[in-house]
Structures are given as C-alpha cells and as structure tokens.
Amino acid sequence: MTSSPEDSLRLIGEDDRETAVRRLQEAYTEELITHAELDERLHQVLTATAHGELVSALASLPEEHPGTTPTIAAAGGRIKRRGAWRVPRILKIESAYGKVRLDLSRAVIEHPLVDIELQLGTGGAKITVPRDAVVDVEGLVTGWKDLRYKVPRRSRPGGPRIRIFGTMGFGRLKIRHARR
C-alpha cells in the first residue's frame, strides 16, 4: 500500500481493514512477523481510522501480487479437491468438458470471503460448502441447466462467505451444505 499525503488522511472502510488483517495473517503464517508483532499490528489495524494508520501497520511486509489467481484447469476429465486442502481467497476453475467436484467441508478456509470463478464448457459441477457458510451465486450465468441450491433454513453465523460466479455452458451446478 503506497500512500500520498491525501491518502493518509482518507478514512478507511471495512474492506480496507479486512485486507490489512488478511495480509498480517498471511505474513504471520509465512513467518515474516512474530506472534507479538502480529498482536501489535492487528491492534493498530483494528483501531485505525485513517489510511495512513493502515500503511504504518503494514510497513515492511512484502507487496501483494494481485494479478496472481490460483487456477485449476483441465481440458477434459475430472477436477477434484477434497479433504484438508487450503482454499485461496480467489480460486478460478476452468474446464472445457468433464466433472468438477469441490468439497470445502473440511478444507482450510482462512479468509472471511472466498471467490470461486467457474469457467466451464460441458459437464457438471458439485460444490459442498461448510455447514455455516453463506453462499452467493448472483454472478453465475448458466447456459443449459439451472442451478440447484437450497438455502438452509437455519444458518449459524460466523461462517465464510463464498461467492460463486462465472459461466457454465452445458452442465448443472449443485451446491450443498455439509451435514456435519
């Protein structure tokens, strides 16, 4: 985060704060800062009101590389992720034809918001989300079949928000919440 004098006085929003918290958590995970530094910097971020305070809390951290989005791609066949896999903040799935199976029920989800972009030709996709997840499919365009997703009657607060968007040609997307 680079700043100009006008930027340092600009008030911050929740997105700025969430981004700063995520960057600090990633720096701690990568052992770039100690636990004590993490606590101190998190306090700075959570009490900050101006952009300049965020910049000082993130000083000495490596710059983010926003252009790098993890992509799982296959021309044909299956794309499958399950178990305790680490879910990135933004994930892109590309498949010309074949089945896609993503099971997030036991995955390590470190971000409060996860974006999953689907670029699928033919073949269906099935995504299992954690029981307490909130799913947003407003940005998904389906060509041939409708989306199958039933919003749970009772949802527990505190789960991740999962945004699913992109395009699907000739296939159906089924989303379900884990039972346990």
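Residues numbered from 1 in each chain as written. Predicted model: local features only at pLDDT ≥ 70, side-chain atom pairs only at ≥ 80, totals over all residues. Heavy atoms only, no water.

Visitor: It is not clear to me how the environment of L173 should be interpreted in this structure. Could you clarify?
Guide: Tracing the backbone shows L173 in strand β13 (residues 173–177). Placed 47 residues apart in sequence, L173 and K126 show a C-alpha to C-alpha distance of 5.7 Å. (Helix = DSSP H or I, 4+ residues; strand = E, 2+ residues; numbered from the N terminus.)

Visitor: Is there a simple way to think about a positive patch on the surface in this case?
Guide: A surface patch of positive charge is lined by K126, K145, R148, K174, R176 and R179. Turning to its location among the elements, R176 is positioned in strand β13. (Patch = residues over 30% accessible without salt bridge, like charges linked within 9 Å, V, L, I, M, F, W, Y side chains within 5 Å. Areas by Shrake-Rupley, 256 points an atom, 1.4 Å probe, with all protein chains shown as cover. Salt bridge = Lys/Arg side-chain N within 4 Å of Asp/Glu carboxyl O. Lys, Arg positive; Asp, Glu negative; His and termini not counted. Charge placed at Lys NZ, Arg CZ, Asp CG, Glu CD.)

Visitor: Sorry if this is basic, but what is going on with the sheet that holds strand β8 (residues 125–129) here?
Guide: Either a parallel or an antiparallel arrangement is found when strands of a sheet pair, and the pairing is made through backbone hydrogen bonds. The sheet built from five strands is open, its strands ordered β2-β5-β8-β13-β11 with parallel pairing. A strand with exactly one partner marks an edge of an open sheet, and here the two such strands are β2 (78–81) and β11 (148–149). Relative to strand β5 (residues 99–103), β2 runs parallel, the two being bridged by four bridges. Within β5, the position partnered with R78 by the bridge is K99. (Pairing = 2+ DSSP bridges.)

Visitor: What's the story with the pattern of salt bridges in this structure? I'm lost.
Guide: According to the stated counting rule, one finds five salt bridges in the structure shown. Ionic pairing is found between E110 and R86, a salt bridge with its closest N-O pair at 2.4 Å. With E110 in the loop between β6 (108–109) and β7 (113–122) and R86 in strand β3 (residues 86–87), this pair connects stretches of sequence that are 24 residues apart. A relative accessible area of 34% places E110 in the partly exposed class. Here D115 ties to R163 by a salt bridge, and the two come within 2.6 Å at their closest N and O atoms. (Buried < 20%, exposed > 50% of the residue type's maximum accessible area, 1.4 Å probe, protein only.)

Visitor: Explain the side chain of D115 to me, please; I cannot follow it from the model alone.
Guide: Tracing the backbone through its elements, the reader meets D115 in strand β7. Within the structure, the side chain of D115 is placed 2.6 Å from the side chain of R163, a separation counted as a polar contact. In contact with D115, other than residues within four places in its own chain, are R89, I90, L91, R163 and F165. (Polar contact = N/O pair within 3.5 Å; in protein donor to acceptor, adjacent residues only side chain to side chain. Contact = heavy atoms within 4.5 Å.)

Visitor: When you look at the pairing of β7 in this model, what are you seeing that I'm missing?
Guide: Most of β7 sits inside the fold, with seven of its 10 residues counted as buried. Where strand β4 (residues 90–97) meets β7, seven bridges bridge the pair, whose relative direction is parallel. Looking at the pairing, S95 lines up with L120 of β7. Two elements, β7 and strand β12 (residues 161–170), share nine bridges in a ladder whose sense is parallel. Along β12, the bridge assignment pairs L113 with R161.

Visitor: Just to check I follow, could you spell out the side chain of E117 for this structure?
Guide: Structurally, the position occupied by E117 is in strand β7. As a buried residue without a salt bridge, E117 has its nearest oppositely charged side chain in K92, at a separation of 4.1 Å. One polar contact links E117 to Q119, side chain to side chain, over a distance of 3.0 Å. Apart from the residues lying within four places of it in its own chain, the contact partners of E117 are L91, K92, I93 and F165.

Visitor: Can you help me understand the nonpolar core in this one?
Guide: Residues I93, I116, L118, I164 and L173 are the most contacted members of the largest nonpolar core, which totals 27 residues. Those elements giving two or more residues to this core turn out to be β1 (71–74), β4, β5, β7, β8, β12 and β13. Broken down by element, the residue count for this core peaks at four residues, all from β7. The residues touching I93, leaving out its near neighbours within four places in the chain, are I72, I79, V100, L102, I116, E117, L118, Q119 and L120. Residues A20, V21, L24 and I33 belong to the second largest nonpolar core, which totals 14 residues. (Core = buried A, V, L, I, M, F, W, Y, C linked by side-chain atoms within 4.5 Å.)

Visitor: I tried to follow the packing of helix α2 (residues 14–29) against helix α3 (residues 35–47) on my own but got confused; where do I start?
Guide: The angle between the axes and the distance between the axes are what describe a pair of packed helices. As a packed pair, α2 and α3 sit with axes 10 Å apart at the nearest point and diverge in direction by 175°. Here α3 runs roughly antiparallel to α2, going by the angle between their axes. Facing α2, whose interface residues are R17, A20, V21, L24, Q25 and Y28, α3 presents H35, L38, R41, L42, V45, L46 and T47. (Axes fitted to C-alpha atoms, helices over the stretch in contact; angles between N-to-C directions. Parallel < 35°, antiparallel > 145°, perpendicular 65-115°, else oblique.)

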